[in-house]
Amino acid sequence: MTAGKASGTVKVPAMRRYSVTTLSLFAVFAAASVAQTPPAAPPPKRTMTAEDYKNWEALSASDITPDGHWIWYLVSNVDGDGYVVCKNNDDPRTVRYVAASRPGFSDDSKWFACLIGPPKAEAEKLREEKKPVETKLVLRSLSTGQEQTVEGVLSFEFLKGGKTLVARRYPKEPRPDAPSDVVIFNLEGGSVTPVDGVTDGSTSWNGSEAAFVVLSGQGDQGVELYDVAANSLKSLYWGKAHPRRLTFSKNGNALAFLLGEPDEKHEGDANKVVEFTKLPGTPQETVLDPHGKTWLTDGSRISETGAVALNDDGSAVAFGIGDWFLKHKVDDKVAHPEIWNSKDLRTVPEQRVTAGADRNRTDLTVWWPATNSVQVISHGWEQHAGLLKGFKNAVLTDSAPYASPSNDGFTYSDMSLVDTQTGKKTVIVAKNHWGPVASEEGNYVAYYKDRSWWLYDVKSGQTRNTTEAFHASFEDVEDDHTVPEKPPADSPTWLANDQGFLVGDEYDSYYIPVQGAGKKLTDGAKEHTVYRFVETTDEEDGPDGKKPLYFSSFNKEDKKSGFYVSDTAGKGKSLVMDDARFTGLRRARDADRAIFTLQSFDKSPNLYVTNLAFSQAKPESKTNPQQAKFYWPKSEIVSYKSRWGEPLQGILMYPANYVPGRSYPMVTYIYERLSDGLYSYPGVNEGNPYNVQILLQNGYFVFEPDIAYKGNTPGQNAVDCLEPAVAAVLAKKVGVNADRIGLMGHSWGGYQTAFVTTVSKVFRVGVAGAPLTDLVSMYNTHYWNVGIPNQPLLETGQGRLRVPFWDDPKVYIDNSPVWQSTKRKAPLLIEVGDQDGAVDYRQGIALYNTLRRMGKECILVLYYGENHGLSKRPDQLDYAHRLRHFMDVYLKDAKPEPWITQGVPFIRKDD
């Protein structure tokens, strides 16, 4: 297929034409909205007030029908009600649903459905009254516009082929395993089939069937099979045992599930595996009873916590074997301490966090009913297996040979191929850090090692380096973590039918066939443009290499972006490249149409529809029209070098009502590298304390510079990037007041803020959210959200300190804000949450107490019940206000509120 030609047989009416090669896509907005008569003069623009912050919109998701005629898009709103728009691309038909969610099209392009809930204010009132907040289903015919509404629907699914919709109502009782009713809509015939008391269910991949676990009033349970073609239900099982994990084969001719019976001595059921073949007409049952089988050891069972899967034709069934725990009561009169042993491969805090998953862990097992053979593939939590297509082989990664309580976080595994019928294991590659990427048909396995991509042939057992001929490094060259091997720049995407895979180096994308030489498809290195493959359709077996392949394009220097198209021979062209951010490219399956999202710093994200050649494009949404009322800031790139000579960039944003010649304060927001966001739209969210738009509307410059790292001095690296960055801004002489520059950041950005404002004289004030402050004590605590020690985080993760603190204590002390506090001049605001499971909130307290003891200016704001980021809206709004006021006081001489001048007594905090 040639780029720009229709990919199917559906004829689509021509759209109004705009050539993006000669006309910026931004001009489409103006061209599409030309009025017939001159409009009235708009009111004068102004800067925003707090009331204006509300109801700012964000384009959240979108889709296009396979025939290309219809689109939907979802617009969310932080403070108000979002909405879904379903719109025809060729005529005025448009419908809007307020407080809607989960929109979707049937894949025959005939139907649209979504869920609609109560407006936000009504929903909040219902929650306050402890009443249920439920959604309803709206089903709309795209051809006639007729709608059906079904109250009390929790979720829905269109089956493949578009003939059937399955809707699930809310459970009858407020408990996880409570049954609920299901309604099956026959979209062709118009009939409705209810299925009552459903506790579980599954639909076939090809859309021909659905199966449900049904609970009767007498306590019996059954498996009911719905045949789409016959529009009928058929019972496959009824009895006292509990069916679970219903799963169809891809072709729909087989269904497997677990059938469990309770055991008096053990937790969970004793399960069998049941498979029905020859569906839907003459179901044939086969049962795997594990009782007395040698492959099931004492203290284990077929577990319902493991997934059940079938290969395409149903000839093999995969399931999980897990530990079977004895029932017992905890004796409160006996001590039950945690035992932390230095030989533990995983720390007890990590085991505590993963206890539920550990109890539910299963070993992958494959059953071949025709020969009644069973093979257990993985053994223990250190082994992880994935089945290749057909289930004849599995890829096993085993970290046990390299597991140690003492490690820096960079782990290794052996990768093996396992024959699921004989159990034979063949090592593919030993001691490798990067995981396998199997082909769609299961004939090949790709993996990354030594800056190259390697290919293992499952049938021949041969391995070859597929990328060495290009004399290019496929590693992420910008990654500056202190690890033995940098990660790959890109991950492979396998094409359908195992033709080969697509993968990228720093800039370019390559096609790597399974046989023969590869081909570089793009030429991005010359102009520093990065090309990455984009999945534009839901292709179950991977993209078809015989059709055009679509790529995103992004220039690292000027930040322009767009889309590119190529074939596997490298014949390609740019579809669009502009001063904007292009995302969300999605093609219609059967038509010469696609949708994408376009935004820039001053253009709110909007959805466009185009042909595949991008010679026709028109906007289909217009978010945030209220923006026209306000002054809007501008942004530009500032280039500079770190003190060790690395070229870097930053985004300088001007105050909304900028007047040349005036002097303005500047707030610098940091994390690591941020300059790629030049064309990201800065929306408004009053509860986001670091929202740049609100600062810009209130007379600040905002600067977002890149920070790079070299060696093992992360704090000093930040200084050596930020001071030259600010100097580059001041050299522009655009009105930034060198004496009124603030710094702010959160988490790692909070650490850098705390450190830089301690040792640097450039910044007059700092705000550090959830900061690391003492790297020695941080090293020996845990990342409590997941339970792992912080040692790997500081050695090879963001800390980049390379070695434990006892090997180089000076570098830990020299890069810790607490230990450098005698140098501090700038006042600091610290935010912490007492349930922070990422950076222990005592890190913030340690710096606060140090500065308090030294008599230096510091305020700590502690929020109860909050984790690493504030989740409660009142807390978000409160911190956002305090941060902005703190900056205003020290950068704009605002009158300080009492919490700054004298604090707030504990007994008055709730006043």
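The structure contained in this document is the topic of the report that follows. Note that the coordinates shown come from a computational prediction; the quantities given were computed from them, not determined experimentally.

Some points on the overall build of the chain
Okay, so step 1: The secondary structure content of the chain amounts to 13 helices and 54 strands.
Okay, so step 2: Taking 2.2 N^0.38 as the reference for a compact globule, 911 residues should give roughly 29 Å; the C-alpha atoms of the chain span a radius of gyration of 30 Å, in line with that estimate.
Okay, so step 3: For the C-alpha atoms alone, the extent of the chain along its principal axes is close to 85 × 80 × 70 Å.
Okay, so step 4: Sorting the 911 residues of the chain into buried and exposed places 52% on the buried side.
Okay, so step 5: If you take every contact in the chain between residues at least 6 apart in sequence, the share linking residues at least 24 apart comes to 55%.
Okay, so step 6: Accessible area for the chain stands at about 41,200 Å²; split by element, carbon and sulfur atoms hold 50% of it.
Okay, so step 7: Of the side chains in the chain, 102 bear a positive and 115 a negative charge, and the two mean positions are spaced by 5 Å.

Looking at the nonpolar core
Looking at soluble globular proteins, one finds that nonpolar side chains tend to be buried together.
Okay, so step 1: Judged by nonpolar contacts, the single largest core of 39 residues is most densely connected at Leu 652, Met 666, Phe 701, Leu 772 and Leu 794.
Okay, so step 2: Broken down by element, the residue count for this core peaks at eight residues, all from helix H6 (residues 714-731).
Okay, so step 3: When sequence neighbours within four positions are dropped, the list of residues in contact with Met 666 reads Leu 652, Tyr 700, Phe 701, Val 702, Phe 703, Val 726, Val 729, Val 736, Arg 740, Ile 741, Gly 742 and Leu 891.
Okay, so step 4: By size, the runner-up hydrophobic cluster in this structure holds 38 residues, among which are Met 653, Leu 678, Val 765 and Tyr 863.

A short note on unusual backbone geometry
Okay, so step 1: Here the bond from Leu 279 into Pro 280 is cis, since omega is 0°, no more than 30 degrees from zero.
Okay, so step 2: Of note, Pro 280 is situated in the loop between strand E18 (269-277) and strand E19 (284-288).
Okay, so step 3: Within the chain, Asn 372 stands out as a residue other than glycine whose phi angle is a positive 55°.
Okay, so step 4: Residue placement: Asn 372 occurs in the loop between strand E23 (362-368) and strand E24 (373-376).
Okay, so step 5: Positioned with a positive phi, Lys 733 is a non-glycine residue whose angle comes to about 55°.
Okay, so step 6: Its place among the elements puts Lys 733 in the loop between H6 and strand E49 (736-746).

Observations concerning the packing of H6 against helix H7 (residues 748-759)
Okay, so step 1: At a minimum axis separation of 9 Å, H6 and H7 run at an interaxial angle of 75°. Classified by the interaxial angle, the pair formed by H6 and H7 is roughly perpendicular. Listed contacts from H7 to Pro 714, Gly 715, Gln 716, Ala 718, Val 719 and Leu 722 of H6 are Trp 748, Tyr 751, Gln 752, Phe 755, Val 756 and Val 759.
Okay, so step 2: Considered class by class, the residues forming the contact of H6 with H7 number nine nonpolar, three polar and no charged.

What about the sheet that holds strand E41 (residues 581-587)?
Okay, so step 1: Reading across from one edge, E41-E42-E43-E44 is the order of the four strands in this open sheet, with antiparallel pairing throughout. Lying at the two open borders of the sheet, with one neighbouring strand each, are E41 and strand E44 (617-619). Within the sheet, the average angular offset between the axes of one strand and its neighbour, ignoring direction, is 25°.
Okay, so step 2: Here six bridges tie strand E42 (residues 594-600) to strand E43 (residues 603-610), and the two strands are oriented antiparallel to one another.

Reading the values: rules and limits
Residues numbered from 1 in each chain as written. Predicted model: local features only at pLDDT ≥ 70, side-chain atom pairs only at ≥ 80, totals over all residues. Heavy atoms only, no water. Helix = DSSP H or I, 4+ residues; strand = E, 2+ residues; numbered from the N terminus. Rg over C-alpha atoms; globule rule 2.2 N^0.38 Å. Buried < 20%, exposed > 50% of the residue type's maximum accessible area, 1.4 Å probe, protein only. Contact = heavy atoms within 4.5 Å. Areas by Shrake-Rupley, 256 points an atom, 1.4 Å probe, with all protein chains shown as cover. Lys, Arg positive; Asp, Glu negative; His and termini not counted. Charge placed at Lys NZ, Arg CZ, Asp CG, Glu CD. Core = buried A, V, L, I, M, F, W, Y, C linked by side-chain atoms within 4.5 Å. Axes fitted to C-alpha atoms, helices over the stretch in contact; angles between N-to-C directions. Parallel < 35°, antiparallel > 145°, perpendicular 65-115°, else oblique. Nonpolar A, V, L, I, M, F, W, Y, C, P; charged D, E, K, R; others polar. Pairing = 2+ DSSP bridges.

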